[in-house]
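Per-entry structural report
Here's the letter readout for the chains.
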Amino acid sequence: MALKNFTEVENHKTVQELFCSAEFVRGVESELLLLSALNIFLSITAFLGNTLILVALHKENSLYPPSKLLYSNLAITDLCVGITSEPLVVTYWISVVKERWDICYYTIRGQHFSATVLCSVSLLTLTAISLDRLLALFLGLRYRPVVTLKKTRLTAVYSALWVQVTLVLCYLPHGIVFILAVQRGISLSVHLALRWTLTLVYLNSSLNPLLYCWKIREVRQAVKGILRQVFC
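Residues numbered from 1 in each chain as written. Predicted model: local features only at pLDDT ≥ 70, side-chain atom pairs only at ≥ 80, totals over all residues. Heavy atoms only, no water.

This next bit is on the overall build of the protein chain. The number of helices and strands found in the protein chain is 7 helices and 0 strands. Written out in order from the N terminus, the α and β elements of the protein chain read α-α-α-α-α-α-α. Counting only residues that meet the buried cut, the protein chain has 45% of its 232 residues in that class. Of all intrachain contacts in the protein chain linking residues separated by at least 6 positions in sequence, the fraction that spans at least 24 positions is 78%. On the protein chain, roughly 12,700 Å² of surface is accessible, and the fraction owed to carbon and sulfur atoms is 68%. (Helix = DSSP H or I, 4+ residues; strand = E, 2+ residues; numbered from the N terminus. Buried < 20%, exposed > 50% of the residue type's maximum accessible area, 1.4 Å probe, protein only. Contact = heavy atoms within 4.5 Å. Areas by Shrake-Rupley, 256 points an atom, 1.4 Å probe, with all protein chains shown as cover.)

See the structure below:
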């Protein structure tokens, strides 16, 4: 049975009171602690991975400057997810388990704000990356470049496509569950589904550095050079 429908919520404070209540913790304490541990791990990997990518992009000069700037912006956004949004959501879940409602009210505000801002920036940046790669492809083909240049531009487009597909796969489940919550109201199962799918959204920030290394040769070589310096 739904506890409350989003359409019946009059203000933001009511939503906070709904999520910071004992109804959402009875019987699921262990699952919230599991989610907290998982997001702590994702926070660390997002921080380390995107820091490494930013250093690699700074050292790499062969990438097309606009593309380099856009990938740097996306890495910075993912880094901010790892050091702000994920720690806040972990603090929120633990405060709910411990029934520290004073902490819960503040952390849920910060988590909602940071997640909304950073996810929006990620979507806008990825859209700009896709447009940049498509322009590079079409402008390059217009001048009939050599085959090797054509392949290089196609590879850059495919790299952006992989990042885009991964983002859609990570964001889509949360969007679907949120729409269901708006239409049918929030039950305990829907609330948990929102939490798990939110973790999937945050997973995207840890996956992007792996995609850069896998699909962008210049970044992969720069990362290898950095790791050699660190460990050797």
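With respect to the helices and strands, Leu 48 occurs in helix 2 (residues 29–59). Residues Leu 48 and Pro 209 lie 161 residues apart in sequence; the distance between their C-alpha atoms is 9.4 Å.

Turning our attention to the packing of aromatic side chains. All told, the structure shown has 2 aromatic pairs when counted by the stated rule. Ring geometry for Tyr 71 versus Tyr 212: centroids 5.5 Å apart, planes at 75 degrees, classification edge-to-face. Of the two residues, Tyr 71 is situated in helix 3 (residues 65–97) and Tyr 212 in helix 6 (residues 188–215); the sequence distance between them amounts to 141 residues. Accessibility assignment for this pair places Tyr 71 and Tyr 212 in one class, buried. For the pair Trp 162 and Trp 214, a centre-to-centre distance of 4.8 Å together with 65 degrees between the ring planes defines the contact as edge-to-face. Here the residue Trp 162 occupies a position in helix 5 (residues 147–184), and Trp 214 occupies one in helix 6, the gap between them amounting to 52 residues. You can call Trp 214 partly exposed: its relative accessible area is 48%. (Phe/Tyr/Trp six-rings, centres within 6.5 Å; stacked < 30°, edge-to-face > 60°.)

Let us look at the environment of Tyr 171. As for its position among the elements, Tyr 171 is in helix 5. If sequence neighbours within four positions are ignored, Tyr 171 has contacts with Cys 119, Ser 122, Val 201 and Asn 204.

In this section: the pattern of salt bridges. Summed over all chains, the structure comprises 2 salt bridges. Taking the shortest distance from any N to any O, the salt bridge between Arg 100 and Asp 102 comes out at 3.5 Å. Glu 218 is paired through a salt bridge with Arg 217; the nearest N and O atoms lie 3.7 Å apart. (Salt bridge = Lys/Arg side-chain N within 4 Å of Asp/Glu carboxyl O.)

So, on to the side chain of Ser 205. Position of Ser 205 among the secondary structure elements: in helix 6. Apart from the residues lying within four places of it in its own chain, the contact partners of Ser 205 are Ala 46, Asn 50, Asp 78 and Val 81.

This next bit is on helix 3. Spanning 33 residues, helix 3 covers 47 Å between terminal C-alpha atoms, matching the ideal 48 Å at 1.5 Å per step. Of all the bends in helix 3, the largest measures some 40 degrees and sits at Val 81. Immediately downstream of helix 3, the backbone of Glu 99 shows phi near 60 degrees, a positive value. (Expected span 1.5 Å × (residues − 1). Bend = angle between axes of the 7 residues up to and from the residue.)

Within the UniProt annotation, "transmembrane region" (unreviewed entry) is assigned to residues 32–57, 69–95, 160–181 and 193–214. As a span, residues 160–181 carries 100% helix and 0% strand, and end to end its C-alpha atoms are 32 Å apart. Along residues 193–214 one finds 100% helix and 0% strand; the C-alpha atoms at either end are 31 Å apart. (UniProt positions renumbered as here; feature names shortened; annotations may be inferred.)

Turning our attention to unusual backbone geometry. Although it is not a glycine, Glu 99 adopts a positive phi angle of roughly 60 degrees. Overall, Glu 99 belongs to the partly exposed group, its relative accessible area being 46%.

With that settled, consider the side chain of Ser 85. The residue Ser 85 is located in helix 3 in this model. Of the polar contacts made by the side chain of Ser 85, one reaches the side chain of Ser 114; its length is 3.0 Å. Leaving out residues up to four positions away in the same chain, Ser 85 has contacts with Cys 80, Gln 111, Ser 114, Ala 115, Leu 118 and Tyr 202. (Polar contact = N/O pair within 3.5 Å; in protein donor to acceptor, adjacent residues only side chain to side chain.)

This brings us to the confidence of the model for the protein chain. Of all residues in the protein chain, 80% attain a pLDDT of 70 or more, and the chain-wide mean is 80. Ranking the elements of the protein chain by mean pLDDT puts helix 1 (residues 12–19) last, at 60, and helix 2 first, at 92. Here residues 1–13 is a poorly scored stretch, pLDDT under 50, and it has 29 contacts once near neighbours within four places are set aside; other chains count. For residues 142–152, every residue scores under 50 in pLDDT, and the model assigns this stretch 2 contacts once sequence neighbours within four places are set aside. (pLDDT = per-residue confidence, 0-100.)

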